[in-house]
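# What the coordinates show
What follows is the residue order along each chain.
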Amino acid sequence: MYLGCIGDDFTGSSDLANTLTKAGFNTVQYNGVPRHDAQPGVEAAVVALKTRTLPVQEAVAASLEALEWLRLQGCSQFYFKYCSTFDSTPQGNIGPVLDAMMDALHAPRALVCPAFPATGRTVYQGHLFVNDRLLSESGMQNHPLTPMTDPDIRRWLSRQTARKVGHVGIRTIRDGVEPVRAAFDRLTRDEVRHIVVDTLDDADLMTLAQAARGEILISGASGLGMGLAQNFPLSGQKASALDLGWANRTVVALAGSCSVRTREQIDAHMAQHPARHLGADEVLAGDVTAEGLADWALEQARDTDRVPLIYSSADPDTVRALQRQHGGERIAAAFENLLAGTARALVERGVTRLITAGGETSGAIVTELGIRGFEIGPEIAPGVPVVKVLGEERALALKSGNFGDIDFFAKAAAALRGEGA
């Protein structure tokens, strides 16, 4: 195995696994740290964790455990994957995890590349943009768990680490691979340990990927993964198309993301498909159960062209009011537990195709279902592939909040059914 990756949530991990598979790596995603060696022939492994919003010490411990397993598999380069919107708090967890990994690997520096131009995420002068908006004006400032109120990644990361944060600007990136490497070395001599890099398009990512040849520790969104294959002597054998096998055509969508894009997708989906909104009061009072929701979804899906949607997503003002009334952690845990329980009830009733929206929601569902790993299938949207449970016919689509076209749920259902794949 060449490349060892650690994702801080499950949707982001499948995003990176998708990018690496398209780039030419034979890739497998493991959910949690495996208790066995990787399968023969795996060239890149992505260990998916649910550490984005854990207390810092827990996130660091889990990440180091994953890192040790990847080291034992023989990896020569390590990739810490976080969201392309740098989802974190002033306390962490990105900086502390990078610091711990740097110490464990004796790495002189870590590259920081959150850009993913295919989904509109770019970095200019160290500032993160979402399409034509600064991160702090993109809707991410309203995130219920990790509100991003400062678009300057250098400044935000500096709050999370005592180590020096530096920057390589777009002019240097456009000068080519050797000037970029020289800039890395110059910053390292000046005791910079975290290097934020500007990135405006895929060509910049390819330059950075070449410059990262021989780097021990890199970090970022999945975009940088598109160019890493050129740095390794890969087998050249592309992963074969997934055989999804026979399966019940029923597809159910579960959404917990409150992102602007997911709420737009929900509105569009509701125009043609049944939807059930989960209210905080009924959930906290126990007036709605996972079994009841599963039964409702299956009743709605008797017409197999329909894709029932169960969602807790709400606009920022509603979320803030609920957090003030009930407490943010209590509300988040109640919704996650109910959606995860609903997923389990659906699987117990024979459903083999699920769509999940939101990193925390997806992580809770995958954990509840005890899924240990995925093969990577066709791409539904940039950053969102079909993922098939290792050794089974079950398949899912795990969507980060702001990813996907307006009709994502319908497109994902078609892909999960093998239509047009």
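Residues numbered from 1 in each chain as written. Predicted model: local features only at pLDDT ≥ 70, side-chain atom pairs only at ≥ 80, totals over all residues. Heavy atoms only, no water.

Counting 69 residues, the largest nonpolar core has Phe 25, Phe 184 and Leu 278 as the members making the most contacts within it. With 9 residues, the top contributor of residues to this core is helix 12 (residues 328-348). With residues up to four places along the chain from it excluded, the contact list for Phe 25 reads Leu 3, Leu 20, Glu 43, Ala 44, Leu 228, Ala 229, Phe 232 and Leu 234. If you look at the next biggest cluster of nonpolar residues, it comprises 44 residues, including Leu 67, Tyr 82, Phe 86 and Val 165. (Core = buried A, V, L, I, M, F, W, Y, C linked by side-chain atoms within 4.5 Å. Buried < 20%, exposed > 50% of the residue type's maximum accessible area, 1.4 Å probe, protein only. Helix = DSSP H or I, 4+ residues; strand = E, 2+ residues; numbered from the N terminus. Contact = heavy atoms within 4.5 Å.)

Right, let's talk about the pattern of salt bridges for a bit. If you walk through the whole model with that rule in mind, you get 30 salt bridges. Between Arg 52 and Asp 8 there is a salt bridge whose closest N-O contact spans 2.7 Å. On the criterion of sequence distance, the pair formed by Arg 52 in the loop between strand 3 (44-48) and helix 2 (56-72) and Asp 8 in the loop between strand 1 (3-7) and helix 1 (10-23) is long-range, its members being 44 residues apart. In this structure, Arg 394 engages Glu 392 in a salt bridge whose closest nitrogen and oxygen atoms are separated by 2.8 Å. According to the relative accessible area criterion, Glu 392 is partly exposed, its value standing at 33%. (Salt bridge = Lys/Arg side-chain N within 4 Å of Asp/Glu carboxyl O.)

Turning our eyes to something else, we now look at the environment of Leu 64. Within the secondary structure, Leu 64 is located in helix 2. With 232 residues separating them along the chain, Leu 64 and Trp 296 place their C-alpha atoms 42 Å apart. In this structure Leu 64 touches Ala 100, Met 101 and Ala 104, once residues within four positions along its chain are discounted.

Most of strand 4 (residues 77-81) sits out of view: 5 of its 5 residues are buried. Taking every second residue as pointing to the same face, both faces of strand 4 are buried, with Gln 77, Tyr 79 and Lys 81 on one and Phe 78 and Phe 80 on the other. Note: strand 1 against strand 4, 5 bridges, orientation parallel. Bridging from a neighbouring strand, Gly 7 pairs with Lys 81 of strand 4. (Pairing = 2+ DSSP bridges.)

Where helix 8 (residues 260-270) contacts helix 14 (residues 408-416), the two axes come as close as 8 Å, and the packing angle between them is 75 degrees. One way to sum up the angle between helix 8 and helix 14 is to call them roughly perpendicular. On helix 14, the residues that touch Gln 265, Ile 266 and His 269 of helix 8 are Phe 408, Phe 409 and Ala 410. For the contact of helix 8 with helix 14, a count of residues per class yields 4 nonpolar, 2 polar and no charged. (Axes fitted to C-alpha atoms, helices over the stretch in contact; angles between N-to-C directions. Parallel < 35°, antiparallel > 145°, perpendicular 65-115°, else oblique. Nonpolar A, V, L, I, M, F, W, Y, C, P; charged D, E, K, R; others polar.)

Another aspect to go through is helix 10 (residues 290-300). Among the residues of helix 10, those classed as buried are Ala 290, Leu 293, Ala 294, Ala 297 and Gln 300. The buried residues of helix 10 occupy one face: seen down the axis, they fall within an arc of 130 degrees. In this structure, the buried residues of helix 10 make contact with strand 12 (251-255), strand 13 (275-277), strand 14 (309-311) and helix 12. (Arc of directions from axis to C-beta.)

One open sheet accounts for 3 strands, arranged 6-7-8; its pairing is antiparallel. One side of each edge strand has no neighbouring strand; the edge strands of this open sheet are strand 6 (121-124) and strand 8 (133-134). Across 2 bridges, strand 7 (residues 127-130) lies against strand 8 in antiparallel orientation. Bridge pairing in strand 8 links Val 130 to Arg 133.

A few words on helix 12. Helix length check: helix 12, at 21 residues, gives a terminal C-alpha distance of 30 Å against a target of 30 Å (1.5 Å per residue), a fit within 8%. Listed as buried for helix 12 are Ile 331, Ala 334, Phe 335, Glu 336, Leu 338, Leu 339, Ala 340, Gly 341, Thr 342, Ala 343, Ala 345 and Leu 346. Phi turns positive, to about 100 degrees, at Gly 350, one or two residues after helix 12. (Expected span 1.5 Å × (residues − 1).)

Counting buried positions along strand 17 (residues 384-389) yields 6 of 6 residues, so the element is predominantly enclosed. Alternating residues of strand 17 divide into Val 384, Val 386 and Lys 388 and Pro 385, Val 387 and Val 389, and every residue in both groups is buried. Here strand 16 (residues 373-381) folds back onto strand 17 in antiparallel fashion, the turn holding 2 residues, of which Gly 383 has a positive phi close to 90 degrees. Here 3 bridges tie strand 17 to strand 18 (residues 395-399), and the two strands are oriented antiparallel to one another. Directly across from Val 386, in strand 18, lies its bridge partner Ala 397.

By the secondary structure assignment, Leu 309 is in strand 14. Given a relative accessible area of 0%, Leu 309 falls into the buried group. Along the primary structure Leu 309 and Thr 356 are separated by 47 residues, whereas in three dimensions their C-alpha atoms are 9.7 Å apart. Apart from the residues within four sequence positions on either side, Leu 309 is in contact with Ala 253, Leu 254, Ala 255, Ile 266, His 269, Pro 274, Ala 275, Arg 276, Trp 296 and Phe 409.

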